[in-house]
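# Observations on chain architecture
Here is what each chain is made of, one letter per residue.
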Protein chains: 2
Amino acid sequence: MKIALDAMGGDNAPGVNVEGALLAVAEYDDISVELIGDSDVLLKRLKAVKRYDEKRITVRHASEVVDMDEATSQALRKKKDSSIRVAVDMVKKGEAAAVVSAGHSGVAMATALTVLKKAPGVDRPAIAVLMPTVKGRFLLIDAGANVDCKPDNLLQFALMGSAYFKAVYGIEEPKVSLMSIGEEDTKGNELTKEVFKLLKTANINFTGNIEGKDVFTGLADVVVCDGFIGNTILKVSEGLAEAIMKMLKAEISGRFASKLGYLMMKPAIKGFKRRTDYDESGGAPLLGINGTCIICHGRSTSKAIKNALKVANQLATVNINKIISDEIAMSHKHMREQHIAEG
Amino acid sequence: MKIALDAMGGDNAPGVNVEGALLAVAEYDDISVELIGDSDVLLKRLKAVKRYDEKRITVRHASEVVDMDEATSQALRKKKDSSIRVAVDMVKKGEAAAVVSAGHSGVAMATALTVLKKAPGVDRPAIAVLMPTVKGRFLLIDAGANVDCKPDNLLQFALMGSAYFKAVYGIEEPKVSLMSIGEEDTKGNELTKEVFKLLKTANINFTGNIEGKDVFTGLADVVVCDGFIGNTILKVSEGLAEAIMKMLKAEISGRFASKLGYLMMKPAIKGFKRRTDYDESGGAPLLGINGTCIICHGRSTSKAIKNALKVANQLATVNINKIISDEIAMSHKHMREQHIAEG
């Protein structure tokens, strides 16, 4: 499938974006990429490459770029020819199957939402981020698209996350847990207590509340929360992992044996980094819109871009949006019937 | 000062509690401990100890124990002779300067609040937990006492946290930050945006929003949030630190050189553990009540109990409650004056 790549978005754009596209096309036969951005710059970069499949990497010009610190509303209103906007427009027109951006994530989300619109039955699209556990990985949803939520929103996040996990990882009944501050049914704040009741009646494998200390053990496949909590979990985890490595290094320096030990452990540390590496997960999909949109970290490397293109292709191939809309429609039906049955 | 220790509370009570008391009395000349609980059991344990200062470790009988999974309201209503209740009552009657408990934290907080009452000017007492950073430590407040908060509550958490940090660590103007999902002033949810405005006018060194990725770098001394967020941060950090160590070990096993390297790194890993060790921080104070109350982890070791007794003694000595009440009164005055000055 053809993926539209915002070639100008990200801290290391367009270098890593072009490289990521080249890597993806070289590795996956069924992916083609259209690079969106300053065509002079992009064509020049491609020309410097010795050999690549010219039919599967094309360039489309966009005259503007959204800066990383630009106000979302202003970028959305004024930059109609930005690389992210042109890329999203391609999906709208059916000229691309999906869009990938490592640019200003707020603008990317808002553009996708404005142009592609919400999927049928979805009130609030959400960001789903894959995080590592001791055993494998879990999906955190919402990771930051909606900072103030109603119970119904979290119900939909749960349905979307469950459908996504099933479609992408082939797990029949993903274990869906609600982020709370105690495992007991009655623990939580006003929001989560209401959500708990809704999730109990939903047509998913709801396994109850989960505490922060258990999310990394692999108890849940999908962890549901509002975007403020989700974004906090994401960033605290990022910060703590970095801090732990720094503290460990500080303890090592000055201890000769430890330094040597660290060097000997290098392969293990590399293996660990691979497991927790953001680059491997390939960005985060914005679920619940009419189209496939993958948001990448601003600090994305070419490998991260490559993996995001892979995930975008995968989601477009399975038609994730139809799966999600069907799931939500079915769940609404299920909850209505249950409601009638209960009297 | 005399500290009342709930000797029956905690996963390893009364063993580690008695040991912790013995350690504290041996190490600090100005601490004496009254062990509250089943006097037969406690006296028998003390009798087995060869030598200790009998004047500084005493026993008071309490006929009941609160179980770890008991409902808070029920324990509060029915168990008037529980070890935690008798301990808190001692503070109320002036027979002890502070209370320390590693038992059911909900019951300990509720008992302290019910018996000792809120301090003047405080609407919602809060739990303050000390967490490690790359450079030192920061105070997280509220770490779980209040799951649904109003902006005014967070303002008071900030004032209490700032006063506490100043009193205990001798830092003149602790840097107080608001937990949010972006550094910019306008980032956050409805609650934090309102709190931001209040903190800007408060008589503290407010340094703006802080993101999860920055809390462990040492940017802030005090990080303010509601109890749901705070408890989530606390538990996610606990879970992630454990998961990282497990993942690292899994990567090491099967690699001979790495295994050897790990062994050589042992002293560094021990040093790191000491920095992040819960046992070192000595429990968490419930701030904003008329009395000093330290809540410890259920899994507390004797070292954790010892350190909690030390912190309890320190807080009672500086009269933390008066400091907090004065700070809040002064801040109210300051904000009123500013309000008048502005129009």
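Residues numbered from 1 in each chain as written. Chains lettered and ligands numbered in written order. Predicted model: local features only at pLDDT ≥ 70, side-chain atom pairs only at ≥ 80, totals over all residues. Heavy atoms only, no water.

### Comments concerning the nonpolar core
Core analysis: the biggest nonpolar cluster contains 92 residues, and Met179 of chain A together with Met179 of chain B have the highest contact counts within it. Each of two domains, domain 1 (2-122 + 288-319) and domain 2 (129-275) of chain B, supplies a minimum of three residues to this core. (Core = buried A, V, L, I, M, F, W, Y, C linked by side-chain atoms within 4.5 Å. Buried < 20%, exposed > 50% of the residue type's maximum accessible area, 1.4 Å probe, protein only. Domains from an automatic or database assignment.)

### As for unusual backbone geometry
Here Ile141 of chain A and Asp142 of chain A are connected by a cis peptide whose omega angle stands at 5°. The topology assignment puts Asp142 of chain A in the loop between strand 6 (137-141) and helix 6 (151-169). Backbone geometry at Asn319 of chain A places phi at a positive 60°, although glycine is not the residue there. Using a relative accessible area of 38% as the deciding quantity, one classes Asn319 of chain A as partly exposed. The phi angle at Lys117 of chain B is positive, at roughly 70°, despite the residue not being glycine. Counting through the fold element by element, Lys117 of chain B comes out in the loop between helix 5 (105-116) and strand 5 (126-132). The exposure class assigned to Lys117 of chain B is partly exposed, which follows from its relative accessible area of 47%. (Helix = DSSP H or I, 4+ residues; strand = E, 2+ residues; numbered from the N terminus.)

### A look at the sheet that holds strand 4 (residues 98-101) of chain A
Strands belonging to one sheet form pairs held by backbone hydrogen bonds; the direction of such a pair is parallel or antiparallel. All names here are of chain A. Ordered in space as 3-2-1-4-11-10-5-6-9-7-8, the 11 strands form an open sheet in which the pairing is mixed. Among the strands making up the open sheet, the edge pair consists of strand 3 (57-61) and strand 8 (205-210). Strand-to-strand twist across the sheet, computed as the mean angle between neighbouring axes with direction ignored, equals 25°. Inspection of the sheet shows strand 4 paired to strand 11 (residues 292-295) by 4 bridges, in the parallel sense. Looking across to strand 11, one finds that Ala98 is bridged to Thr292. (Pairing = 2+ DSSP bridges. Axes fitted to C-alpha atoms, helices over the stretch in contact; angles between N-to-C directions.)

All we've got here are geometric facts, nothing functional implied.
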